[in-house]
Amino acid sequence: MTELSLFEKTSSYDGVYMTLMVNRIQMLYFAIIMPVFLIYPYMIWMIIIVGGLSQVSIFMLSKWFTSKYASKGYEGFVDLFGERMVRLLSFIGIGFILLKVTVITLGYVEVVQHFIFPAVNTNWMILFILLICWYVASLGMNSTIRFIVIAFLFTAPMLLLLLKFPFQPFATIHDLFPLIPYEWTMKSWKSVLFIWSALSGPEYLVLLAPWFNTREKILKYMTIGNTFTVFEYLFIFIASLFFFGSHYLGENKLPVVEMIRYLNFPVFERIDIIFISVYLFHFVFAISIFLLLFYGAIRITLKKSKVQTTRLGFALCCSTIILCLMILNEMLWKKATNQNILLELAIWAGALTYLFVPLFLFLSLKRKVRD
Amino acid sequence: MFWKGTSTSVRISTEQAQHTPITLEVIRERLGNMEDAEIIEHQTPNVSTIILVYIRTLIDNERLNESVIQPLRNCSNENQLECISATNIPGTLTVEEAEKQLMLGSILIFDTDENQWCSVNLKDSSGRAIETSETETILYGAKDSFTENIEQNIALIRRRLPITTLKTEKFTVGSLTETNVVLMYIEGITNTKFITIAREKIKNVNFDQILDSSQLAAFMEDHTHTVFPQFQQTDRPDVCAFALGVGKLVILVDNTPFALNAPITFFHLFQSPEDYINRWIVASFLRIIRYLSFMFSLLMIPLYVALTTHHYQMIPLQILFVLVDTRSQLPLSPFWESLIMLVTIEIIKEASLRMPTKSGQTLGVIGGIVVGQAAVEAGFASQVLIVLVGISAIASFLVPNYLMSKANTLIQFILLILASYLGVMGIFMGILLLFVHMNALTSLKQPYLVPVTPFYGKDWLDLFIRGPLQWMKTRPEALHPLQKWRYSRRR
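Conventions we followed
- Residues numbered from 1 in each chain as written.
- Chains lettered and ligands numbered in written order.
- Predicted model: local features only at pLDDT ≥ 70, side-chain atom pairs only at ≥ 80, totals over all residues.
- Heavy atoms only, no water.
- Helix = DSSP H or I, 4+ residues; strand = E, 2+ residues; numbered from the N terminus.
- Rg over C-alpha atoms; globule rule 2.2 N^0.38 Å.
- Buried < 20%, exposed > 50% of the residue type's maximum accessible area, 1.4 Å probe, protein only.
- Contact = heavy atoms within 4.5 Å.
- Areas by Shrake-Rupley, 256 points an atom, 1.4 Å probe, with all protein chains shown as cover.
- Lys, Arg positive; Asp, Glu negative; His and termini not counted.
- Charge placed at Lys NZ, Arg CZ, Asp CG, Glu CD.
- Core = buried A, V, L, I, M, F, W, Y, C linked by side-chain atoms within 4.5 Å.
- Axes fitted to C-alpha atoms, helices over the stretch in contact; angles between N-to-C directions.
- Parallel < 35°, antiparallel > 145°, perpendicular 65-115°, else oblique.
- Left-handed = near helix turned anticlockwise from the far one by under 90°.
- Nonpolar A, V, L, I, M, F, W, Y, C, P; charged D, E, K, R; others polar.
- Expected span 1.5 Å × (residues − 1).
- Arc of directions from axis to C-beta.
- 1 Å grid on protein atoms, 1.4 Å probe; cavity = no way out; pocket = protein on both sides within 12 Å on 5 of 7 lines; lining within 4 Å.
- Points joined across faces, edges and corners; volume = space filled by probe spheres on them.
- Pairing = 2+ DSSP bridges.

Observations regarding the overall build of chain B
Then, in step 1: A tally of regular secondary structure across chain B gives 14 helices and twelve strands.
Then, in step 2: For chain B, whose C-alpha radius of gyration is 29 Å, the value lies well above the compact-globule estimate of 23 Å for 491 residues.
Then, in step 3: Dimensions of chain B along its principal axes, counting C-alpha atoms only, are 100 × 70 × 45 Å.
Then, in step 4: A total of 491 residues make up chain B; the buried ones form 49% of that total.
Then, in step 5: Summarising the internal contacts of chain B: among those between residues at least 6 apart in sequence, 65% fall at separations of at least 24.
Then, in step 6: Total accessible area computed for chain B in this model is approximately 25000 Å², and 58% of it derives from carbon and sulfur atoms.
Then, in step 7: Within chain B, one finds 40 positive and 46 negative side-chain charges whose respective centroids are separated by 13 Å.

Right, dumping it as structure tokens:
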């Protein structure tokens, strides 16, 4: 197999890219299922509060981006933690990346099956989507990062579709009450955890630091991305409350798409089919980035980070992911009813990584400065 | 096939070939079996013999008489060659150099008394007169277009940019054709990175025949396996002058009336010279129409196939009634119906291009109306599809770049196949792959989707819309011009 330059750094990207990446990585599959996890109107405040807390993680991540270690990439991590530790962390990271890819891919495929192709075998969809991601990722990190602009331009305006819901005759302000909780249950805590997990994702961007121009005002751009995400989540949740009402919201498995299903234009009556198809841009972008990170993490774990990337190595990684996804789809996702173990795991994993990765990096930087 | 390997190629050592000393015998030998080669002995008033060697078909015979024969007849100097103006007397002339000079339209003069060779350039520069552009016609604006004469083409650009910073670098490419190629740029505006890349690419062209600018482009492209052109071909000097002014390069190829502009982006292929002539609101509207037409021409037929094959539920009831009614008698599936009609329309389009103008028009009418009507009546295609194919075909003509409109057709076929298998999802998969592919493309190492990605906000003023010229104070950032501001006096 011939050599392949996947991690070549030919250009550095400015803060706009950081804004778009933070936003899009936070708006993955969880945005589609979010209202069903929150249900109660007072979760509007929770989205704002957790969004504010997310800013703390963003602040810590921005410290990493502006440090001298960030631009060195792998070498920077080695300087900070030592090679053995970096390999161990990479090994742990492989599991987290795989889980993230699994949930967003299988989640999206389930949406496709539910709304577009009810009779199709989901394994075919997994194969098609991952083959596209394979192609995208094989063009290299530079090209994949650049693709964020297209992914953003195609998917972010889809939010405008929801503008109609607050102004429908059935939408009343009472749907947003109570704004103060009567009681605080375990389920409410879980919703908070979910919001935190939904906002996770930017922690993976620390691995892309060499491709970003760290001299830019990175905190400002990351904050814009995070704020935009909070606004999007709020808007989706409020629109769902108006459409379904608090009582009925929990009954839907995929409330956002169900909601869009009721929209129609004079030419197309089912906008949701277009909505889901366009969302492919978003998912393909994210999965491609994670594919590259997965391959990079495996190379570090196997102590091959200084060896040239190869088509064979990358093909093996992609094939492994395809195989894993198909197995997990058959064994866990398809059989999941009320309790989807993979989804639960992904929520916890997202929350943990978003809490500890920035904190760990921040403390390590502090310790290094003190030493 | 059995002869494979029996042919032997003869390679002459370059060193040896470049140092063959010139003699009349060697020249005679080299020009053997060339009916249009002339070797004439001429007696001068001093009773010395001058030998003239030239290729009759390549030189201007009138100028030969005026510049060489007449001066020699009237010459009383001891050194005959001094009587001829514009004479090039080299230190030593090799046979290969002499051969090259002859083939470029020079005449070799040999003074037998002095045993000295010289050359006079008498190249016949007559050619086609400057005419109106046929490929990029516009209503208002300049009407002149390039010809096959490279020097005339340079002059056409120089007239528009009368500045000494407009530089021209000459190269020769093609071992058989020895084609002259001129690289043009404005020093101090065009980024030196592009100049270096283009220079290297031209120098590295290693092919025997370069007969056209598109052939040169094929060797200079960053990506061979793509349907998207990476150089903009134009026969309009005003387009080239504008491109140079904003920081691009222009490459002229001898005997080709089409210049190459680079680096370009996907969006440049939707820009017309008329965009900068119309009022900005009108120009912006027309540009948006062009983008929409491109989308229509790509998506209409695949969408028809996707909806009628997979997603009937997406079609409003009133339209569905019409569709079901028109399709009820058809034996073919929407995919085959569309494929046949698309191939037919492509055949008609190609045929009307290759035919004489008047026959082409007749063919268009026959193809468009008679074949379409007959296909419906015969039950091969539905009326709805005929309408869609018609709109799609007309929309494809709105793309100003011919190469792009051809690429358009291929992409449409791919989307059609994807739509027939995966419906709307397949179409979006196709569009996604298209964008991913374009995102990875470059033109002179410059990203193809710039200024969308990499993102340059200021350049959006002349992207999907054409903003007022007064607002375009800076040259496109994406081209990294060395001189950013477009106005000379600060306001």
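What about the nonpolar core?
Then, in step 1: Formed by 204 residues in total, the largest nonpolar core has its most connected members in Tyr 29, Phe 30 and Trp 64 of chain A together with Phe 266 of chain B.
Then, in step 2: The leading source of residues in this core is helix 12 (residues 271–301) of chain A, at 23 residues.
Then, in step 3: Ignoring any residue separated from it by four or fewer positions in sequence, one finds Trp 64 of chain A in contact with Tyr 69, Ala 70, Phe 77, Leu 80, Val 206, Ala 209, Leu 361 and Leu 365 of chain A.
Then, in step 4: Counting residues in hydrophobic clusters, the runner-up holds 22 residues, among them Phe 171, Ile 195, Ile 197 and Ala 262 of chain B.

Concerning the packing of helix 12 of chain A against helix 14 (residues 402–440) of chain B
Then, in step 1: Running from N to C, helix 12 of chain A and helix 14 of chain B point in directions that differ by 30°, and their axes come no closer than 9 Å. In terms of orientation, helix 12 of chain A lies roughly parallel with respect to helix 14 of chain B. Crossing geometry of helix 12 of chain A relative to helix 14 of chain B is assigned as right-handed. Along the contact surface, helix 12 of chain A presents Ile 273, Ile 274, Ser 277, Val 278, Leu 280, Phe 281 and Val 284 of chain A, while helix 14 of chain B presents Val 424, Met 425, Phe 428, Met 429, Ile 431, Leu 432 and Phe 435 of chain B.
Then, in step 2: Across the contact of helix 12 of chain A with helix 14 of chain B, the residue classes break down as 13 nonpolar, one polar and no charged.

Topic: helix 11 (residues 334–354) of chain B
Residue and element names in this part refer to chain B.
Then, in step 1: Here helix 11 spans 30 Å end to end across 21 residues, near enough to the 30 Å set by a 1.5 Å rise per residue.
Then, in step 2: Turning to helix 11, its buried residues number three or more, namely Pro 334, Phe 335, Glu 337, Ser 338, Met 341, Leu 342, Glu 346, Ile 348 and Lys 349. Looking down the long axis of helix 11, one finds its buried residues gathered within 160° of arc, a one-sided arrangement. More than 90 degrees from the buried face of helix 11, the exposed residues found are Ile 347 and Arg 354.

Here we look at the layout of surface pockets
Then, in step 1: Within this model, the largest pocket holds a volume of roughly 1700 Å³.
Then, in step 2: The wall of the largest pocket is formed by 46 residues, among which Phe 154 of chain A together with Met 295, Leu 299, Phe 428 and Ile 431 of chain B lie closest to the centre.
Then, in step 3: Among the elements of the structure, helix 7 (141–155) and helix 12 of chain A together with helix 9 (280–309), helix 10 (317–327), helix 13 (383–396) and helix 14 of chain B are those that each provide at least two residues to the lining of the largest pocket.
Then, in step 4: The element contributing the most residues to the lining of the largest pocket is helix 9 of chain B, with 13 residues.
Then, in step 5: In the lining of the largest pocket, the residues fall into 45 nonpolar, one polar and no charged.
Then, in step 6: Roughly 1300 Å³ of internal volume is contained in the second largest pocket.
Then, in step 7: Surrounding the second largest pocket, 38 residues form its lining, Lys 100, Met 103, Leu 104, Thr 177 and Glu 178 of chain B being those nearest its centre.

A few points about empty space enclosed by the protein
Residue and element names in this part refer to chain A.
Then, in step 1: On inspection of all chains with the given rule, the structure shows four cavities of 30 Å³ or more.
Then, in step 2: In this model, the largest cavity occupies a volume close to 190 Å³.
Then, in step 3: What lines the largest cavity is a set of 19 residues, and nearest its centre among them are Phe 30, Lys 100, Ile 104, Ser 200 and Ala 346.
Then, in step 4: Elements supplying a minimum of two residues to the lining of the largest cavity: helix 1 (15–26), helix 2 (29–38), helix 5 (83–115), helix 8 (186–198) and helix 14 (341–370).
Then, in step 5: Looking at the lining of the largest cavity element by element, the count peaks at five residues for helix 5.

With respect to helix 2 of chain A
All names here are of chain A.
Then, in step 1: Burial analysis of helix 2 places nine of its ten residues in the buried class, the great majority of the element.
Then, in step 2: Among the residues making up helix 2, those that are buried are Tyr 29, Phe 30, Ala 31, Ile 32, Ile 33, Met 34, Pro 35, Val 36 and Leu 38.
Then, in step 3: Looking at the residues trailing helix 2, positive phi occurs at Ile 39, about 60°.

Re the pairing of strand 1 (residues 37–43) of chain B
Residues and elements named next belong to chain B.
Then, in step 1: Inspection of the sheet shows strand 1 paired to strand 2 (residues 49–55) by seven bridges, in the antiparallel sense. Each residue of the ladder has a partner; that of Ile 40, found in strand 2, is Leu 52.
Then, in step 2: Connecting strand 1 to the antiparallel partner strand 2 that follows it, the hairpin turn spans five residues, and Val 47 within it adopts a positive phi of roughly 60°.

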